[in-house]
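An overview of the molecular structure
In case you want the letters, here they are:
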Amino acid sequence: MDKQHLITELQSNGLQVIDPNIGVAGRRGGAGPSDHKAVTVDGTTVMVPIYTGTASQSPYTAQVNQGRQAVLEKADQAVATVEFPQQPQFYQLQTAEGIPYWKIALLHSHDVLATTVLQTCMRYRNSDTACQFCAIEKSLEADRTIARKTPEQLAEVAEAAVRLDGVKHMIMTTGTPNTRDRGAAYLAECAQAIKARVNLPIQAQCEPPDDFGWFAQMKAAGVDSLGMHLEAVDPQVRSQIMPGKAEVPLSHYFEAFEAAVQVFGWGQVSTYLLAGLGDSLDTLVDASQRLIDLGVYPFVVPFVPISDTPLANHPAPSSEFMFALYQQVGAMLKQAGMSSADINAGCAKCGACSALSTFEA
């Protein structure tokens with residue numbers, strides 16, 4: 001099986017890991033895609049679901065071979081040798097107040113630092129507004145993180161992650177606060193503190209603020225690229241899956257994308273499109289073309305059903321659906337000359353939650 005098909009199948013089906021202690025500790029709960037573990041397949045590190053109901057039924061298993069290597073098997077047949085990135089050194093440190101660094105920021109893939117600066121969201125606790133796929137406060141309830149990471153804490157952890165583990169870029173997302181800037185102000189404050197301490201490319205992620213002037217302020221503070229995540233496109237799917245965010249019309253998102261590209265540059269703004277929530281293949285492809293035409297990178301990612309969320313039993317998209325989607329979006333990116341490798345920082349640059357980057361060439 002070629003690498004594209006293998007990664008696509010692993011991300012749709014998940015993986016049964018015989019020794020869950022191998023490599024970097026997997027991530028349970030939290031904001032955005034979760035319940036994954038980093039796995040390196042033929043030189044490409046991807047995040048593969050392992051803590052989901054789907055993964056427990058996966059035909060793929062990983063039998064630890066030696067060290068961080070494992071034999072990937074499908075139906076008891078060896079198909080590849082994979083590797084698990086090692087636990088980062090910065091995880092062993094803590095702040096002066098005794099907070100472990102891993103509660104402040106986590107290693108994603110093998111060289112990306114990721115954090116949720118505000119681990120609460122104005123939409124989360126109300127079933128009328130909550131995104132059905134999100135587990136942002138689950139990791140907080142389980143004491144695996146802290147509610148608010150201060151700019152000083154983030155700067156301290158970022159410096160250590162670069163120095164000890166060679167981290168190449170950083171992602172800062174946030175739960176949505178009940179403010180008109182939608183978290184942009186706090187993200188800018190955090191970016192400024194980090195950049196004062198270490199030269200690390202940063203992507204910030206938030207909902208579109210009411211005032212697009214925040215984009216210039218974020219850029220001036222040290223944010224190098226921006227993520228504003230649609231997740232779903234069809235109005236009916238949006239209202240059903242994320243009723244609170246659906247109150248922000250698509251027109252506002254696209255106006256925000258256009259304004260953000262003016263500030264951050266062509267190809268430096270991205271959005272998540274979660275395939276498998278109900279959008280058709282044609283809807284996702286059409287939306288991706290519209291985004292690319294604006295200069296926005298459409299990061300298409302397979303939906304992962306996260307434990308203890310309303311969509312815990314919602315099926316992941318089939319690998320066939322994802323492969324067809326990747327082929328079409330990959331061709332459009334190639335035609336436009338847009339590449340994840342050219343993004344300064346962020347989820348699309350990391351690419352580990354999707355197989356899309358392998359379809360760009």
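I will try to describe carefully the structure that is included in this document. (Residues numbered from 1 in each chain as written. Predicted model: local features only at pLDDT ≥ 70, side-chain atom pairs only at ≥ 80, totals over all residues. Heavy atoms only, no water.)

Concerning the pattern of salt bridges
Keep this limit in mind: By definition here, a salt bridge exists when the distance from a side-chain nitrogen of Lys or Arg to a carboxyl oxygen of Asp or Glu is within 4 Å. Only runs of H or I of at least four residues qualify as helices and only runs of E of at least two qualify as strands under DSSP, and these elements are numbered from the N terminus. A simple rule labels every residue: compare its accessible area, found with a 1.4 Å probe on the protein chains alone, to the largest value its type can have, and call it buried under 20%, exposed over 50%, or partly exposed in between.
Tallied over the full model, the rule gives nine salt bridges. Across the pair E207 and R123 runs a salt bridge whose closest N-O atoms are separated by 2.7 Å. Within this pair, whereas E207 is found in the loop between β10 (202-205) and α6 (213-221), its partner R123 is found in the loop between β8 (112-116) and α3 (138-141), the two being separated by 84 residues in sequence. Of the residues examined, R123 reaches a relative accessible area of 7% and is grouped as buried. With its nearest N and O atoms 3.7 Å apart, the salt bridge here joins D210 to R180. Of this pair, D210 sits in the loop between β10 and α6 while R180 sits in the loop between β9 (169-173) and α5 (184-197), placing them 30 residues apart in sequence.

Describing α6
The condition that has to hold: Comment: arc refers to directions from the helix axis out to C-beta atoms. When checking whether two residues touch, look at their non-hydrogen atoms; a contact exists if any pair is within 4.5 Å.
Inspection of α6 places F215, M218 and A221 among the buried residues, and these make up the whole buried set. With its buried residues spanning 130 degrees around the axis, α6 presents them on a single face. Buried residues along α6 sit against α5, β10, β11 (225-227) and α8 (250-264). Just beyond α6, the residue with positive phi is G222, at close to 120 degrees.

A word on helix α4 (residues 151-165)
As a reminder of what qualifies: Helix span is expected to be 1.5 Å times the residue number reduced by one.
For α4, with 15 residues, the first-to-last C-alpha span of 21 Å sits near the 21 Å given by 1.5 Å per residue. Along α4, the residues classified as buried are P151, Q153, L154, A155, V157, A158, E159, A160 and A161. Elements that come into contact with the buried residues of α4 comprise β8, β9 and α5. Two residues or fewer after α4 comes G166, characterised by a positive phi angle close to 65 degrees.

Observations concerning the pairing of β10
What counts here: If the strands point away from the viewer and the path from the first strand over the helix to the second runs clockwise, then the crossover is right-handed. Only strands joined by at least two bridges in the DSSP assignment are considered to pair.
Going residue by residue along β10, you find I202 and A204 tucked away on one face and Q203 and Q205 tucked away on the opposite face as well. The handedness of the β9 to β10 crossover, carried by α5, is right-handed. The sheet contact formed by β10 and β11 spans three bridges and is parallel. Note on β11: the bridge partner recorded for Q203 is S225. In this region the chain leaves β10, passes through α6 and returns to the parallel neighbour β11; the handedness of that crossover is right-handed.

Quick notes on the side chain of T129
Examined against the element boundaries, T129 turns out to sit in the loop between β8 and α3. Residues within four places of T129 in sequence aside, it is in contact with M122, R123, P243, G244 and K245.

Some words on the packing of α8 against helix α9 (residues 281-294)
Note the cut-off: Each axis is a line fitted through C-alpha atoms, taken for helices only over the stretch in contact, and angles between the N-to-C directions span 0 to 180 degrees. Here roughly perpendicular refers to angles of 65 to 115 degrees, roughly parallel to angles under 35, roughly antiparallel to angles over 145, and oblique to all remaining angles. In this classification, Asp, Glu, Lys and Arg are treated as charged, Ala, Val, Leu, Ile, Met, Phe, Trp, Tyr, Cys and Pro as nonpolar, and every other residue, Gly included, as polar.
Closest axis-to-axis distance for the α8/α9 pair is 10 Å, and the angle between their directions is 30 degrees. Accordingly, the angle class assigned to the pair α8 and α9 is roughly parallel. Contacts between α8 and α9 pair F254, F257, E258 and V261 from the former with R290, L291 and L294 from the latter. When its residues are assigned to classes, the contact of α8 with α9 shows five nonpolar, no polar and two charged.

What to know about unusual backbone geometry
Here A75, not a glycine, exhibits a phi torsion of approximately 50 degrees, which is positive. Note that A75 resides in the loop between β5 (69-74) and β6 (77-83). The class for A75 is exposed, based on a relative accessible area of 57%.

Structural notes on the sheet that holds strand β7 (residues 106-108)
Taken together, the seven strands give an open sheet; going across it, the order is β7-β8-β9-β10-β11-β12-β13, and neighbouring strands pair in mixed fashion. The two strands at the open ends of the sheet, each matched to only one other strand, are β7 and β13 (296-302). Neighbour-to-neighbour, the strand axes of the sheet open up by a mean angle of 25 degrees, direction not taken into account. Across two bridges, β11 lies against strand β12 (residues 269-275) in parallel orientation. Note that in β12 the partner of L226 across the bridge is V269. Across the sheet, helix α10 (residues 319-336) lies against β12 and β13, angled at about 165 degrees from β13, the strand it touches most.

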